[in-house]
Structures are given as structure tokens and as C-alpha cells.
Amino acid sequence: MTMDQIIEKFTTKNLTIREMVALTGAHTIGFTHCKEFSNRIFNFSKTSHVDPTLNPKMAEGLRQVCQNYTVDHSMAAFNDVRSPSKFDNAYFNNILKGLGLLASDHLLGVDPRTRPIVEQYAKDEKVFFQDFANAMEKVSVFGVKTGHKGEVRNRCDQFNNLPAM
Ligand code: HEM
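What comes next concerns the included structure.

Conventions adopted
- Residues numbered from 1 in each chain as written.
- Predicted model: local features only at pLDDT ≥ 70, side-chain atom pairs only at ≥ 80, totals over all residues.
- Heavy atoms only, no water.
- Disulfide = S-S within 2.5 Å.
- Helix = DSSP H or I, 4+ residues; strand = E, 2+ residues; numbered from the N terminus.
- Buried < 20%, exposed > 50% of the residue type's maximum accessible area, 1.4 Å probe, protein only.
- 1 Å grid on protein atoms, 1.4 Å probe; cavity = no way out; pocket = protein on both sides within 12 Å on 5 of 7 lines; lining within 4 Å.
- Points joined across faces, edges and corners; volume = space filled by probe spheres on them.
- Nonpolar A, V, L, I, M, F, W, Y, C, P; charged D, E, K, R; others polar.
- Near = heavy atom within 4 Å.
- Polar contact = N/O pair within 3.5 Å; in protein donor to acceptor, adjacent residues only side chain to side chain.
- Salt bridge = Lys/Arg side-chain N within 4 Å of Asp/Glu carboxyl O.
- Donors = N, O, S within 2.8 Å, 3.2 Å for Na, K, Ca; no water.

1. Structural notes on the state of the cysteines
In step 1: Throughout the structure, instances matching the rule amount to 1 disulfide.
In step 2: Paired by a disulfide, Cys34 and Cys66 hold their sulfur atoms 2.2 Å apart. Between Cys34 and Cys66 the disulfide shows an S-S torsion of about -80°. By sign, it is left-handed. In this pair, Cys34 is assigned in the loop between strand E1 (31–33) and helix H3 (38–41) and Cys66 in the loop between helix H4 (56–65) and strand E2 (76–78), connecting sequence segments 32 residues apart. Each member of the pair, Cys34 as well as Cys66, is classed as buried.

Here you go:
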């Protein structure tokens with residue numbers, strides 16, 4: 001997606017660009033399967049195998065990790081290469097160094113509407129934490145299905161009562 005399209009996804013849910021950047025800071029943890037960023041590291045263009053905006057060492061590492069990704073679909077890389085399982089502001093510092101994993105992560109550091117926010121969060125972890133908490137609280141009540149219309153899942157990736165097979 002272009003940044004215009006990404007911004008629209010959030011603003012149609014009544015989230016500001018600042019809230020979008022804060023929420024995407026969730027990529028400070030977890031991992032991403034190779035197919036989501038394979039276009040950045042294999043056959044990127046006629047002149048370069050890899051996306052030239054990606055840190056070259058990181059690109060080489062990802063090419064190694066993902067070399068068999070079309071066969072082994074489980075291959076994945078950490079979202080935050082510096083501190084993969086720590087919730088901190090390293091994700092934003094990564095973006096500014098070309099260490100953003102997804103094209104959308106990288107774009108946040110390029111677009112003039114989002115770059116200043118990325119820079120602020122990279123400098124000041126407290127501001128990021130505060131903005132993230134507020135924005136998470138906001139999405140947590142957005143479009144919640146109450147009563148018989150929905151349920152709060154015990155596991156985020158499955159219904160509470162799976163239908164009998
Ligand atoms: C521009 C917006 C976003 C895009 C394009 C995006 C895209 C992705 C993609 C492609 C993955 C990898 C999925 C996989 O390979 O299994 C991912 C992982 C993840 N995303 Fe996002 N995301 C966005 C915003 C967000 C937001 C707003 C949050 C939460 C507030 C979030 C939280 C996460 C987490 C925690 C993971 C890691 C999941 C895991 O380790 O299993 N992302 N995202």
C-alpha cells in the first residue's frame with residue numbers, strides 16, 4: 001500500500017496519523033514471515049536484487065534466513081532486529097537507520113507526515129509509551145461487538161467455542 005492508503009485505513013476508523021504511528025510501534029515485538037517482505041530482498045528491481053533503502057547487512061541476513069521461504073513457509077524474521085522481544089522504542093530508531101523490516105515500516109520514516117513523529121518516538125521513549133497506551137485504549141473500544149453479537153476471545157486466533165468437527 002501507499003502511505004495515502006495506509007493513512008486512510010486508520011483515519012476511516014477515527015484514528016489520527018499520530019495514533020497510527022504509535023500503534024505501529026507494536027512492531028517492536030514479534031516476527032514477520034518472509035513472504036511479507038520477500039519483494040524487498042529478492043529480485044527487487046532490474047538494477048538491484050535488494051531494496052537499496054534497506055540496510056545492506058540486514059538485507060544480506062534476511063536473504064540467508066529466507067532463502068528457502070517458498071518451500072518452508074514458516075521462515076520468519078524478527079520485526080525489531082535490535083531487541084525483538086522487548087517492548088521499547090528501538091523500532092523507531094531502526095526505521096531511521098534503514099532497519100525497518102516491512103516496506104510500510106520503512107515508509108513511516110520517509111513520508112513527511114510521519115517522519116517527525118518517528119523521530120520524536122526514537123528520541124523520547126516516554127512519549128511513545130504514553131501515546132501507545134492512549135491509542136490502544138481507543139482501539140480497544142472501537143467497534144466492539146456486545147451481547148450475542150460477539151465475544152472476547154480467550155485466544156486471539158480462535159473462537160472460544162470451536163464448532164464440533
Ligand atoms: C501499517 C500498518 C500495519 C501493517 C502494514 C502491518 C503488517 C504486519 C505484517 C505483514 C506482519 C507479519 C505477519 C506475519 O508474517 O505473520 C505484522 C506483524 C505484527 N503486527 Fe503489524 N502491521 C501494521 C500495524 C500494526 C498495528 C497497528 C499493530 C498493533 C497495535 C500491529 C501489531 C503487530 C504485531 C504484534 C506483529 C507480530 C505478530 C507475531 O509475532 O506473531 N501491527 N504486521
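2. A closer look at the layout of surface pockets
In step 1: When its volume is computed, the largest pocket comes out at roughly 240 Å³.
In step 2: Lining the largest pocket are Met1, Ile6, Phe10, Thr24, Ala103, Ser104, Leu107 and Leu108.
In step 3: Listing elements by their share of the lining of the largest pocket, those giving two or more residues are helix H1 (3–11) and helix H6 (103–108).
In step 4: Top element by residues in the lining of the largest pocket is H6. It accounts for 4 residues.
In step 5: Across the lining of the largest pocket, the residue classes break down as 6 nonpolar, 2 polar and no charged.

3. Regarding the site of the ligand
In step 1: Taken together, 14 residues form the shell around the ligand, and within it His27, Gly30, Phe31, Thr32 and His33 come nearest.
In step 2: The separation between a nitrogen atom of the ligand and a polar side-chain atom of His27 is 2.8 Å.
In step 3: One of the backbone nitrogen or oxygen atoms of Phe31 is found 2.9 Å away from an oxygen atom of the ligand.
In step 4: If you list the elements that add at least two residues to the shell around the ligand, you get H1 and E1.
In step 5: The element contributing the most residues to the shell around the ligand is E1, with 3 residues.
In step 6: Taken together, the residues of the shell around the ligand break down into 7 nonpolar, 6 polar and 1 charged.

4. Considerations on the pattern of salt bridges
In step 1: Counted under the stated rule, the structure contains 9 salt bridges.
In step 2: The shortest N-O distance in the salt bridge between Arg40 and Asp51 comes to 3.0 Å. A residue pair is termed long-range when its members are at least 10 positions apart, and Arg40 in helix H3 and Asp51 in the loop between H3 and H4 qualify at 11 residues. Of the two residues examined, Arg40 and Asp51, each falls in the buried class.
In step 3: Note that Asp157 and Arg155 form a salt bridge whose closest N and O atoms lie 2.8 Å from each other.
In step 4: By relative accessible area, which is 47% here, Arg155 ends up partly exposed.
In step 5: Here the salt bridges do not stand alone but share partners, grouping Asp4, Asp111 and Arg113 into one network.

5. Describing the coordination of the iron atom of the ligand
In step 1: What the protein offers the iron atom of the ligand as a donor is a single atom, His27 (NE2), at 2.0 Å.
In step 2: Tracing the chain through its elements places His27 in the loop between helix H2 (17–24) and E1.

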